[in-house]
Amino acid sequence: MVDVQGAVADGFEPVRDAFADNFARRGERGAAVAVYRDGRKVVDLWGGAKDADGGSEPWQRGTAQVVRSATKGVAAAVLLLLHQRGQVDLDAPVGTYWPEFKAAGKERVLVRHLLAHRAGLPALDVPLTPAEAADGVSGPRALAGQAPAWEPGTDHGYHAQTYSWLLGELVLRVTGRSIGTWVAEEIAGPLGADLWIGLPDAERERVGRIADAPAPAAPASAGLRVRPKATVSDAYRDPASLTRRAFAAIDPPADENDAAYRAAELPASAGIATADALARFYASLIGVVDGGRRLFAPATLTLARTEESAGPDRVLVVNTRFGLGYMLHGPASPLLAPGSFGHPGRGGSLAFADPESGVSFGYVTNGMQKNVTADPRAQALVRAVARSLAG
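So, here is what we can say about the structure in this document. Since we're looking at a predicted model, the values are computed, not measured.

Calculation notes
- Residues numbered from 1 in each chain as written.
- Predicted model: local features only at pLDDT ≥ 70, side-chain atom pairs only at ≥ 80, totals over all residues.
- Heavy atoms only, no water.
- Helix = DSSP H or I, 4+ residues; strand = E, 2+ residues; numbered from the N terminus.
- Rg over C-alpha atoms; globule rule 2.2 N^0.38 Å.
- Buried < 20%, exposed > 50% of the residue type's maximum accessible area, 1.4 Å probe, protein only.
- Contact = heavy atoms within 4.5 Å.
- Areas by Shrake-Rupley, 256 points an atom, 1.4 Å probe, with all protein chains shown as cover.
- Phe/Tyr/Trp six-rings, centres within 6.5 Å; stacked < 30°, edge-to-face > 60°.
- Pairing = 2+ DSSP bridges.
- Axes fitted to C-alpha atoms, helices over the stretch in contact; angles between N-to-C directions.
- 1 Å grid on protein atoms, 1.4 Å probe; cavity = no way out; pocket = protein on both sides within 12 Å on 5 of 7 lines; lining within 4 Å.
- Points joined across faces, edges and corners; volume = space filled by probe spheres on them.
- Nonpolar A, V, L, I, M, F, W, Y, C, P; charged D, E, K, R; others polar.
- Core = buried A, V, L, I, M, F, W, Y, C linked by side-chain atoms within 4.5 Å.
- Parallel < 35°, antiparallel > 145°, perpendicular 65-115°, else oblique.
- Left-handed = near helix turned anticlockwise from the far one by under 90°.
- Salt bridge = Lys/Arg side-chain N within 4 Å of Asp/Glu carboxyl O.
- Arc of directions from axis to C-beta.

1. Quick notes on the overall build of the chain
So, point 1. Helix and strand counts for the chain come out as 13 helices and 14 strands.
So, point 2. The C-alpha radius of gyration computed for the chain amounts to 19 Å, which stays within 12% of the reference 21 Å derived for 391 residues, consistent with globular compactness.
So, point 3. Along the three orthogonal principal directions, the C-alpha set of the chain runs to about 55 × 45 × 40 Å.
So, point 4. Taken across its 391 residues, the chain has 59% of its residues classed as buried.
So, point 5. When contacts within the chain are restricted to residue pairs at least 6 apart in sequence, long-range pairs at least 24 apart make up 69% of them.
So, point 6. Accessible surface computed for the chain: about 14500 Å², of which carbon and sulfur atoms make up 51%.

What follows is the structure, encoded as structure tokens:
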């Protein structure tokens, strides 16, 4: 039995029960979950081991983990905040800010196309090595010179890895700051959130090690979970498919536990955070947190969760829904309610907000299971939050 640490507010006991059940029945190794409601923390739980691949050090309150694509929601907020401040026009061509990007038929790719996975650049013609992926130069250069896989703006497909270099370079061109620096100075610092795109050396010891963690047998269910449909499995196995190529834009795969890789600023996949930081970040998008600041103005919040892309996803091979940088509630990515917006991380992590209920949610894990958008452990916690709200 895992000793679950932390606390829940009255009425949120179902979340504690579901969290403990994840260790007992769903293969959890080490994890944390946090929930805010109306800017106040109501769930703060953690348990298990800090490292998924062995070791006896326990997960502690401040333990952080790689959250993979849950980082995309933070990266998207940077572009939306720059728009809110009048520094970026979402309907301007990307080449307005990044002239080299206009090459190879990309003159009409708009900033909003990057955010909504409509740019036609989910894969690289020539994959990058982990060192090239992390150098901050090779990725943007490759994408600037590459032709899109479809007419930009006409369709969508998940930009699993290329999102890093597309958004990172755009932020650099507009602000003169790297996206990791911008997040540290404008988001994480002011919020007091343990959240990094590019892990500082001083924080390395706080971060646990991730590892693959086979899930116990479970019934097939909605979304890309333990047993994906045959067409999805086939797409991941086919080396020539857009699906396989999108996820293999870095080849060979990077060691996500490597210190140098964690220090790289890769806002598609290599952010590091605590569960509390993710929940606190999303709480700040929809309201005031602990009497402090709110990040999104109401109009920006509307932009974030207004549907931009929907239907068959050329990369994920299921129907997906995206706003400007955020996955929206749907069968492939179930969140709390129809108005929820956020982002999962492949293998487990999940963060989102639901403005109507005032809830924000953050879940991080070190045991990477075989799912992309709907981890059974995260979904059990989301269902428990819904039960808590229903009373």
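2. Observations concerning the packing of aromatic side chains
So, point 1. Enumeration over the complete set of coordinates arrives at ten aromatic pairs.
So, point 2. Between F281 and Y282, the ring centres sit 5.0 Å apart and the planes meet at 75 degrees, which makes this aromatic pair edge-to-face.
So, point 3. When its relative accessible area of 0% is taken as the criterion, F281 is described as buried.
So, point 4. For Y282, a relative accessible area of 1% gives the class buried.

3. Digging into the sheet that holds strand β4 (residues 65-68)
So, point 1. Spatial strand order, β4-β7-β5: three strands in an open sheet with antiparallel pairing. Of all the strands in the sheet, just β4 and β5 (195-196) have a single pairing partner and so form its edges.
So, point 2. Pairing of β5 with strand β7 (residues 271-273) involves two bridges; the strand directions are antiparallel. In the sheet register, W196 faces β7, and the bridge partner there is I272.
So, point 3. Its contacts with the sheet put helix α11 (residues 275-286) on β4, β5 and β7, and the angle it makes with β7 is roughly 100 degrees.

4. Some words on empty space enclosed by the protein
So, point 1. Tallied over the full model, the rule gives two cavities of 30 Å³ or more.
So, point 2. Here the largest cavity defines a volume of roughly 60 Å³.
So, point 3. P344, L350, T373, A374 and D375 are, among the 14 residues lining the largest cavity, the residues nearest its centre.
So, point 4. The residue inventory of the lining of the largest cavity, partitioned by class, reads six nonpolar, seven polar and one charged.
So, point 5. A volume near 30 Å³ is recorded for the second largest cavity.

5. Considerations on the nonpolar core
So, point 1. I187, F296, Y326 and F341 are the most contacted members of the largest nonpolar core, which totals 80 residues.
So, point 2. Excluding its chain neighbours within four sequence positions, the residues that come into contact with I187 are A77, V78, L81, W182, F281 and L295.

6. Focus on the packing of helix α1 (residues 13-25) against helix α13 (residues 376-390)
So, point 1. Two elements in contact, α1 and α13, have axes whose closest approach is 8 Å; the angle formed by their N-to-C orientations is 165 degrees. On the basis of the axis angle, α1 is roughly antiparallel to α13. Judged by the twist between their axes, the crossing of α1 over α13 is right-handed. Of the residues in α13, those in contact with P14, V15, A18, F19 and N22 of α1 are R377, A380, L381, A384, V385, R387 and S388.
So, point 2. Taken together, the residues that form the contact of α1 with α13 break down as eight nonpolar, two polar and two charged.

7. A few points about the pattern of salt bridges
So, point 1. Considering all chains together, one arrives at 26 salt bridges under this definition.
So, point 2. Between D276 and K41 there is a salt bridge, with the nearest N and O atoms lying 3.1 Å from each other. Of this pair, D276 sits in helix α11 while K41 sits in strand β3 (residues 40-48); the two residues are 235 residues apart in sequence, bridging distant segments of the chain.
So, point 3. A relative accessible area of 33% means that K41 is categorised as partly exposed.
So, point 4. Here R237 makes a salt bridge to D234, at a shortest N to O gap of 2.5 Å. Of this pair, R237 and D234 both sit in helix α8 (residues 230-237), three residues apart, which is roughly one turn of the helix.
So, point 5. Assessed through its relative accessible area of 41%, D234 is described here as partly exposed.
So, point 6. Overlapping salt bridges bring together K41, D44, R61 and D276 as one network.

8. Here's the deal with helix α12 (residues 298-305)
So, point 1. Along α12, the residues classified as buried are T300, L301 and A304. Viewed along the axis of α12, the buried residues span an arc of 100 degrees, placing them on a single side of the element. Of the exposed residues in α12, those oriented more than 90 degrees away from the buried face are P298 and A299.
So, point 2. Buried residues belonging to α12 abut α2 (71-84), α11, β10 (327-328) and β11 (341-344).

9. Some thoughts on the side chain of S357
So, point 1. When you line up the elements, S357 lands in the loop between β12 (350-354) and β13 (359-365).
So, point 2. Overall, S357 belongs to the buried group, its relative accessible area being 16%.

10. Description of the pairing of strand β2 (residues 30-37)
So, point 1. Counting buried positions along β2 gives seven out of eight residues, so the element sits mostly inside the fold.
So, point 2. In terms of strand pairing, β2 meets β3 through eight bridges, oriented antiparallel. Paired with R37 across the bridge in β3 is R40.
So, point 3. The hairpin turn running from β2 into β3, its antiparallel successor, is two residues long, and D38 in that turn takes a positive phi close to 50 degrees.
So, point 4. Two strands pair when backbone bridges link them, and β2 and β13 are joined in this way by seven bridges, in the antiparallel orientation.

Note that every value here comes from positions in space, so none of it alone points to a role or purpose.
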